[in-house]
Each structure stands twice: as C-alpha cells, then as structure tokens.
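What follows is the residue order along each chain.
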Amino acid sequence: MSRAMTKRVHKALTDENLQTALTRLLGLIKFVRQIAFAGLDFDSLSHEIRRIKENSIANLPQLVEQFKLQATKAGAVVYEAEDAEDAVKYVLKLAQERKVKYIVKSKSMLGEEIELREHLHKAGIGVTETDIGEWIVQLAGERPAHLVGPAIHKTIEQVAELISKATGRELGTDPQALLDAARRALRQTYIDADMGISGANIAIAETGTLVVVTNEGNGCMATTLPPVYVAVVGYEKIVSSWRDAAAIFRLLSRCTAGMKMPVYVSHITGPSRTDAIPGAVLRGAGGPGEVHIVLVDNGRWQMRESDEFREALYCIKCGTCLNVCPVFASVAGQVYGYVYQGGIGAILTAFLHDVDKAEEVASLCLGCMACKEACPTRIDIPRMITRLRASLAEEKGLPWLNRMVYRSILKHQPRLDKVIRIGSYLQQPFVDADLMIRRLPGPLNTLTQAISLPALARSPLRDMLKDYSSPRLTDKSRVAFYSGCVANYAYPEIGGYVMKVLAKCGAQPYYPTGQACCGAPAYFAGDVDTALSLAKTNIAALEEMKPDYIVTVCPGCAAMLQREYLNLTTAEPRWNQRARVLAGRIRDFSQLLLELTPSMPKKPSRNQKVTYHDPCHLKRGTGVFNEPRQLLQREGFEVIEMADSDACCGFGGHVVLSYPELSKSILKRKLDNIEATGVETVITNCLPCVLQLRGGLDKRHSRIKVMHSAELLASTFEITQ
Amino acid sequence: MCAQVAGLVEQFEAEASRAGAVVYEASSAEDACNYILKLAQERDVKTAVKSKSRVADEVKVKKHLEKAGIEVKETDLKEWIGQLAGEKLTGRETMWQVEKLISKATGKKLDPDPRVLLNAANGAIKQYCIDADMGISEADVAIAETGTLVIVGNEGVTRLVAVLPRIHVTIVNCQNVVPIMEDVIAALKSLRGNIAGQVMPVYVTYITGRNTTADIPGAVLARSQGPAEEHIILMKAAKRGSA
C-alpha cells in the first residue's frame, strides 16, 4: 500500500465516466467472448498454447539463432538489445543517421516499457501513436486505461476537444465526424513519416517473420508507408513455426476483443523488394527498404532463468486477466502507474522495470484466482504474486508492525487469544445491541467504511468446544474441525452448528485444541518463517487423533492447509509427507456432508429460495462448485443463481484493509447481484465472505440474511445453540 | 465443385459475412466484372488501383471498368511498367526503355539508375493508392475457419491497395479456400512467384471482415482507418487454382 496508490484508486473510483464506460466495455467483452469461444474447447486449446509457449521459451536460445539467421537472410537487420537504454539508443541512432524527423508508431507494450516515444521526443523527433485510442490518450498526455479501449475513460466532449485541438478545426461531438477527422489526420501522418515503429505480437523463427496484429489497419500503414521500418520485439515473442503462430492467434483475438480473428494480421519477412527494374533485385518497392528488428532483453532472460517466474514469459498480452479481474473492473488500468497492469503486471513490472513499483501493483491483488482460471496460457499469476511478496519481504524485510503481529502474536495461539480477549473488552463502547460495530474511533474508522464489523466474541470457539476436544472411540467417521480465526473469534456459534450438524449426520466431530492460525496472513505478506512454524503446529495438531476427515469453514484456510503447506515444507521431506496426508483429509463442510450421507433422500420443498455465493478459494482453489448447491437442494431449498456467483466479494488479499474504498466498490457489484435475485437468504461456505457480505448488507440496511450452509442446515435439523 | 470445397466455401462465406464483409459468389467472369462495375458506379468510384491478380486479369476486370470510364491503375511494378508500355512486359526490356516509360509517366527526366527509377515509381504508385476510391486485390488463400483473406506480395503496395482506398474488393478462387489457419503455410509454400532466395513472400496479410473501432466514445463505428467496405468475390467457375 502507498499513499500515491490510494490516491489513484480514489480518483478512478470517483471518475464517473470511467466507471460507466468500464462497466459497459467489460460487459461487452464478456458477451462477445462467449460467442467467440462457442464450439471451441477452451481447455484443450489453452493446453496447446501453454505447450507451445513452454517449448518456445525452453528452446529460446536455438529459436533466437534461427530467427536471426532467417530474418537476416530475408534482408532485415537484427539487433539484440540488452536493456531499455540499449534498445532506445539503437533506434535513436538509426533515426538520426537516416535524418528522421517524424515517426508513426503502432501500439507496442514493449515500446511503452522502454519509453521509446519519450526518448525520441526528447531528441526532437516527432512521434505519433496511430491506434486511434492510443492517439487520443497521447493527445491527453496520459496512459492507456484499458488494453482494448485505451481511451475509455474519456467522454465524447473530451475527445472532441482533443481532436479539435489536434486538427485545428472546431469539431462537434458527433462520433462519426470525429472519427473521420481522426482518420484524415492520421492518414497524413503515415504519408509524412520517415520511419514506422511497431511491436510484434509474434515472431516466427522458421522464416524470420514478424507478426503484427491490428483491428484498425494502422499497423499495415505504419509498417508499409514510411521508408524505414523498426520493430521492437521482446525475446519471449519468438515461436518456432507458422503453425504455432496460428494456434496463438486462434486464442489471442478471442480473448482480447471477443473476435474470432483480428481484422488485420500482417506477416512481414524482411524489406519489400522487386525485380521489375532491369538490372537488380531492389529493396524498397512500395514499402520500406529497410527493416530493423530490435530484440529486447531488459530482464527477460533473467526471468527465463527463474523456475518460479518463468511462466510470466508465456503471457501473450491478451488482457484476459485484466478483463476478469474484479480490481481492474473497479479502477481500470491507469492506477497501476506503469505499463503492465493487473496481476501479471506486477510480475512483469518486477523483472522489466522496478521492484518497488511492482510491490505497489501487487498490493492490489485480491488473490481471487479469476485470472488463473481464465488465462489462455494457464499462468498461475496468484502463485507468482505470493512468491513476489515473499522475495520482497526477504529482501527488504517486513514493516515492523506486521513483523511484530506475525511473529509475536499470530505464531503463538495463547497470545492471539489474549489479544483478542483484550480487544473484546476495548470494543464495548462501539458495539451496538445486535453485536455489530458500525463505527470506530479515529483512523480505525476506515475499517468500518465499507462494511459493518461483527463484534469479537467474548469467548472464542475454542473455549465453547472444550468438551469436544477428543473423539470417543466409535466406528463413526472421525472429523476434526479446523475452524480458522474468523469462526474462532467472530462467529463461534457457526462453529457450534458445524459440530452439531455433523454429529446429527452420524459423524464423530471433535475440535483439536492445538490448532492455530493457518498462517495465511503471514504467508501472503511474505513472512515465510512464521507461516512454516504455524504449518508445523497445525499439521501436528490435526493428525494427532488420526481423523478420517478435516472439515473447514474457511476455504482460504483450507487452501493454505491443502496446498501451501506442501509448498512450505518441500525442504523437509518428513514434514512434507505429513502435509500430504493432511491435504488428503481436508473437506469443505458441504462436500463432507454429501460424502458422509450419500444416500440421504431429497427432502420435500420448503418453498424457500436462497442464492449461493461461490467463495474464490472454494470454487477456483479446490473446485467445489456443485456440492453446496446439491446439498441445499437436497434439503429442500430452491437455489436461485445470481449473476457472477463466483466473482470475489472484495474481502480477499489485504485489499479490505489497505484499500477499503476499493473493496467497497467490488462488494457493491456483488451485493447488487445478490439483491437482483430477490431472495431473502444468501448462503456461502466461507466465513470471511459471510463477514464481508453481512457487513455490506448491514450498511445498506438490507434485510437479506447471510448464512453459512451449516447455519441454515442447523435450522432444518432443528438444532439450536 | 466437389462437396468438400462447397462446404468450405459455405463456411468461409458465413464467417466473412459475420465479420462484416460482403461476399458475392460469381458464376462467371462476366458476372464478377458486372458486380465490380455496378459497385463502382453506385459508389461513385472515379479511380481504382489494382494489385497483381491472375484471376482479375483472366476475367478482364480492368478493361470492363475502363470501358465505363473508370480509371484503373496497376500497382505491381512490373504490371505498371507494362501498363505504361501499353503491353505485357517480355522481360527483355532494357533499363533505358524502362527509364523512358517512368520519366514520361512522372513528367520528370530521370537518370537511368535503377534506384532513381524505383523511387520515382514508388512515389507515383503510392500516390495512386492514396488517391484511389477502390482497391482491387486477389487473395491467394482464404481461411474457412475465420472467413479470412490471405493476400501475398513482395511489394508494400499489395497492402496499400487493401487499406488505403475507401472500398476494397478481393477476388478469391473457390479452390483456394483452406479449412483452418494451420493450412496456410503449406498453401503459401506451394505458391510460385517468390524472388530467388526467398523462403517466404515479404508480406502475407490476413484480412478478416471490415475494420471497426470502439475508440470514439458512444458507439462501435465502422471504418476505422482502413476501407469502409470489404467486398469478396468468390470465383466459382474458375478452373485453375494456384494452390
């Protein structure tokens, strides 16, 4: 979190034009995407692309040699630039040697990365962006707000003013007239330019070919009309063959804009040529006579060396991760403060630009995994963000307050209990009669800005369940209950319901008292030591009575127990083995109930409608999607689906603490979708989600109730406290 | 036309139309010419530029348009020089003959230096493309999967003809429609006309439908920076395919 970032987030959230345009654009992309993918098997296609990118990056040294050889044979000049400065220097020198005064540029992320335009400007060379959206953003002196719609944050009036100023003619706000004026103005720039610059979406080694994709046609003109053409290309863009390239665009445009194919795909192999004039084959026939390809490293080879971050090079820059990101949907791209946006942006920024900036970008991540699920090359962005935070914490150390909290409190369960108990006394003046906290004193009040908070329980779940500390010796299934902190300190009653419902269903539930915080807060902040220590505490506590199952009510904790403990213990094989056994026993509440009572008949309809919110870590983390619905239906409830049931509620990551205003905006969409179903009860199998949804609905004075499945089922099983 | 080709053509038509192109199946050379002429007249076309196209030459598009008073400029350098000479080039022309033709066309006395001649020709031909109302191309390959045209050439003007004029017409031989994108490379390898030593033609341009933009707030508008209309003429009757 940084003050500058908080400011930018606030600005974006309060920019009405941006908000309206963004909602419309993302809705449109989602809609056309469905059409574009109709009849295609996304899974097998994305596996294919993943394989292509894995092979390309693995064989990169050979592919680079082949590309250089073929491109040079075709007459292009290939230059390998070590870093941004080197690349800029090459282009600048070339421009000066050719006495270039004016350049047209087609969209290039790498161009932005190395700040090519700015450097050329400084040397007195004019540069015009030729994508209309980019041009508008350039005229405004800003950064693009969105990959597909760089200028979506601008109103028609603002665009009219910018284009009027650029063309020196007073233009009205008729979109068609503005487009005509823009086309005419840009058309002239291609004719006047001495040099054209573009990026490349793909570079093909077998023929030394560059592939440039545009929808507007600007790419064709910028690469053809000026006499010198320069392409700046990241090494990771190189693939082996035309077939590989074809497989990539089959997904690229569908992901980017919901189109089956971009309008223009240019394959360029060397400079134009002709043998029409007797005497010789000449270059520069109706197109550039010189083609320069600048292959840029700038941190990419280092990324390739890293086992943890290599997969960021598989990114095909389609923007899907942004289009599905709840944070991006709230604030768009300008808040990130650098070229690469969203989750993948944090990783790319760290390697290609500046680690401090990357930290800022990463701080916006909810960890909701929507990007991972939708990525056409299956990049595990959330995992890399966690690793990035860990290595930053290692390098720079955590802020003292966090370190103190993680190492001195979180790590020692009795101390945490004590702190919470003190908190439960201190909170008293602010707790309303219904046990909600709606305002807090001083700076703490930001915590209650987006949601009302539940009061801390007077005594934690651990104390309530003292009698359940060990299972009796019966032949019933033994179920250890891992509660997590939210159940323990905020909703102990829900923990009670879990135990009772399980007992009613014939299991033998018990509460291992040695359990502690799962360690996720420390782990995701980068404090691996604390996380590992807590992992060992929990592994030991949860294996003690050899349970058949371990039931959880917080999918975030479950994911930690199930996946991250394995990652944390890789260096210690014996702990790793114990973590593996633990992982196999973890179940979500609904999942377990169905497993324990597979033959229970469907109950008659209760004439009660409920809707179900999918917690990120349950659906995308462990693939539990149908089970909670099945269980509700079996118990006689009618499940009404809300729109985007699996979109994050806004509680994830540290966003709820660091950027409450942002969390509120994400929550708003969720609550709107819940209210649109018209139901009176929303069910979710995640207690942090319960906290967030209850708190948000309370702020709205809504009557809609939020319950964990266990709580609802307790009522149907006639269980009381 | 065999059933397999017919299926591909049908798929190509559906996809290209969906992407915003206007597709016309021409039953004969005359039919194709009439379609282009009618289109040109309806859209008030005064000048057209043409890429090298065997199919267009076979069906005599240029003659047809010229007869109706529409000026048609060849943009392929060899074809253009031929047009200046008033006859197909034999390949045995000397530089001096070419120098005379280009000097006359550009109204400047040029040195008989290949570079000078090429620069002058480039200037003239690019200007034709900038001024023209209609561009006429041939696609050597078309992709059924996506309704995509594949236009191939070594000269940059093959692309300028396709993007600069406000109307773009592409002639495709039905036999050259391939099922999917992965088939393009094999089709390209079998094309003739590469200059010695070349592995791949310099420009292979895929065009799918009509260009649009959503960059001006308010609506998705047709015609971004390329042509306002994309017309595709599928030559049904043509017997000879290049692939």
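This is a predicted model, so every value here is computed, not measured. (Residues numbered from 1 in each chain as written. Chains lettered and ligands numbered in written order. Predicted model: local features only at pLDDT ≥ 70, side-chain atom pairs only at ≥ 80, totals over all residues.)

Enquirer: What am I meant to see in the overall build of chain B here?
Expert: Regarding its fold elements, chain B presents nine helices and twelve strands. Taken against the 2.2 N^0.38 rule, which gives 18 Å for 243 residues, the C-alpha radius of gyration of chain B at 18 Å falls within 12% of a compact globule. Classification of the 243 residues of chain B by burial places 51% in the buried group. For chain B, the proportion of contacts with a sequence separation of at least 24, taken over those separated by at least 6, is 75%. (Helix = DSSP H or I, 4+ residues; strand = E, 2+ residues; numbered from the N terminus. Rg over C-alpha atoms; globule rule 2.2 N^0.38 Å. Buried ≥ 20, exposed ≤ 12 C-beta atoms within 10 Å, placed from the backbone. Contact = placed C-beta atoms within 7 Å.)

Enquirer: How should I be thinking about the overall build of chain A in this particular structure?
Expert: Of regular secondary structure, chain A possesses 36 helices and 22 strands. Taken over C-alpha atoms, the radius of gyration comes to 29 Å for chain A, in line with the 27 Å a tight globule of 721 residues would show. Overall size of chain A, expressed as C-alpha extent along the three principal axes, is 100 × 60 × 50 Å. Out of the 721 residues in chain A, the part that is buried amounts to 56%.

Enquirer: Help me out: how do you make sense of helix α8 (residues 132–140) of chain A in this one?
Expert: Helical periodicity: at 3.6 residues per turn, an α-helix aligns residues three or four positions apart in one direction. The element α8(A) is largely enclosed, with a buried count of eight among its nine residues. Residues I132(A), G133(A), E134(A), W135(A), I136(A), V137(A), Q138(A) and L139(A) constitute the buried set of α8(A). Next to the buried residues of α8(A) lie β3 (126–129), α9 (156–167) and α10 (175–192) of chain A together with β10 (212–213) of chain B. Once α8(A) finishes, G141(A) follows within two positions and takes phi at roughly 70°, a positive value.

Enquirer: Please clarify how the interface of chain A and chain B should be interpreted in this entry.
Expert: Many descriptions give the size of an interface as the accessible area lost when the pieces come together. Opposite the 59 residues of chain A that make contact, chain B presents 54 residues. Taken together, the elements giving at least two residues each to the side of chain A that touches chain B come down to α8, α9, α10, α11 (218–224), α12 (242–257), β9 (264–268) and β10 (273–274) of chain A. Sorting elements by how many residues they give to the side of chain A that touches chain B places α10(A) first, with seven residues. Tallied by class, residues from the side of chain A that touches chain B come to 30 nonpolar, 21 polar and eight charged. Of the strand pairs in this sheet, β9(A) and strand β9 (residues 203–208) of chain B are connected by five bridges, and their pairing is antiparallel. In the sheet register, S266(A) faces β9(B), and the bridge partner there is T205(B). (Nonpolar A, V, L, I, M, F, W, Y, C, P; charged D, E, K, R; others polar. Pairing = 2+ DSSP bridges.)

Enquirer: What's the story with the environment of E25(B) in this structure? I'm lost.
Expert: Counting through the fold element by element, E25(B) comes out in strand β1 (residues 22–26). Remark: the alpha-carbon pair of E25(B) and K236(B), spanning 211 residues in sequence, is separated by 6.5 Å.

Enquirer: Please explain the environment of V220(B) as it appears in this structure.
Expert: Here V220(B) shows up in the loop between β10 and β11 (221–222). Setting aside chain neighbours within four positions, we find V220(B) in contact with T212(B) and A214(B).

Enquirer: Hey, could you run me through the packing of helix α27 (residues 528–543) of chain A against helix α28 (residues 555–568) of chain A in this one?
Expert: A pair of packed helices is captured by two measures, namely the crossing angle of their axes and the spacing between those axes. All names here are of chain A. One can describe the packing of α27 onto α28 by two numbers: an axis separation of 10 Å at closest approach and a directional angle of 120°. Viewed along their axes, α27 and α28 adopt a mutual orientation that is oblique. Read as a crossing pair, α27 and α28 show a hand that is left-handed. Between α27 and α28, the contacting residues are A531, L532, A535, N538 and I539 on the first element and L561, Y565 and L568 on the second. (Axes fitted to C-alpha atoms, helices over the stretch in contact; angles between N-to-C directions. Parallel < 35°, antiparallel > 145°, perpendicular 65-115°, else oblique. Left-handed = near helix turned anticlockwise from the far one by under 90°.)

Enquirer: Would you mind going over the packing of helix α5 (residues 77–85) of chain B against helix α6 (residues 95–106) of chain B with me for this structure?
Expert: Residues and elements named next belong to chain B. Contact geometry of α5 with α6 gives a least axis separation of 10 Å together with a crossing angle of 80°. Put simply, α5 runs roughly perpendicular to α6. The residues of α6 that touch α5, namely those facing I81, L84 and A85, are V98, L101 and A105. The residue makeup of the contact of α5 with α6, split by class, is six nonpolar, no polar and no charged.

Enquirer: I'm lost on the nonpolar core in this one. Help?
Expert: Note on soluble globular proteins: their nonpolar side chains tend to be buried together. By size, the foremost hydrophobic cluster in this structure holds 318 residues, and its most contacted members are V233(A), I248(A), V294(A), V498(A) and V150(B). Per-element accounting of this core gives the leading share, ten residues, to α12(A). A domain-level breakdown of this core finds at least three residues from each of domain 1 (3–301) and domain 2 (461–716) of chain A. In this structure, V498(A) is in contact with F481(A), V551(A), V553(A), F589(A) and A710(A), ignoring residues within four places of it in sequence. (Core = buried A, V, L, I, M, F, W, Y, C linked by C-beta atoms within 7 Å. Domains from an automatic or database assignment.)

Enquirer: Is there a simple way to explain the environment of T622(A) in this structure?
Expert: Residues and elements named next belong to chain A. Note that T622 resides in helix α31 (residues 616–622). Residue class for T622 comes out partly exposed when judged on the 19 C-beta atoms lying within 10 Å of it. Along the sequence, T622 and D588 sit 34 residues apart, while their C-alpha atoms lie 9.1 Å from each other. Those residues in contact with T622 that lie beyond four places of it in its chain are P555, A558, A559, Q562 and D588.

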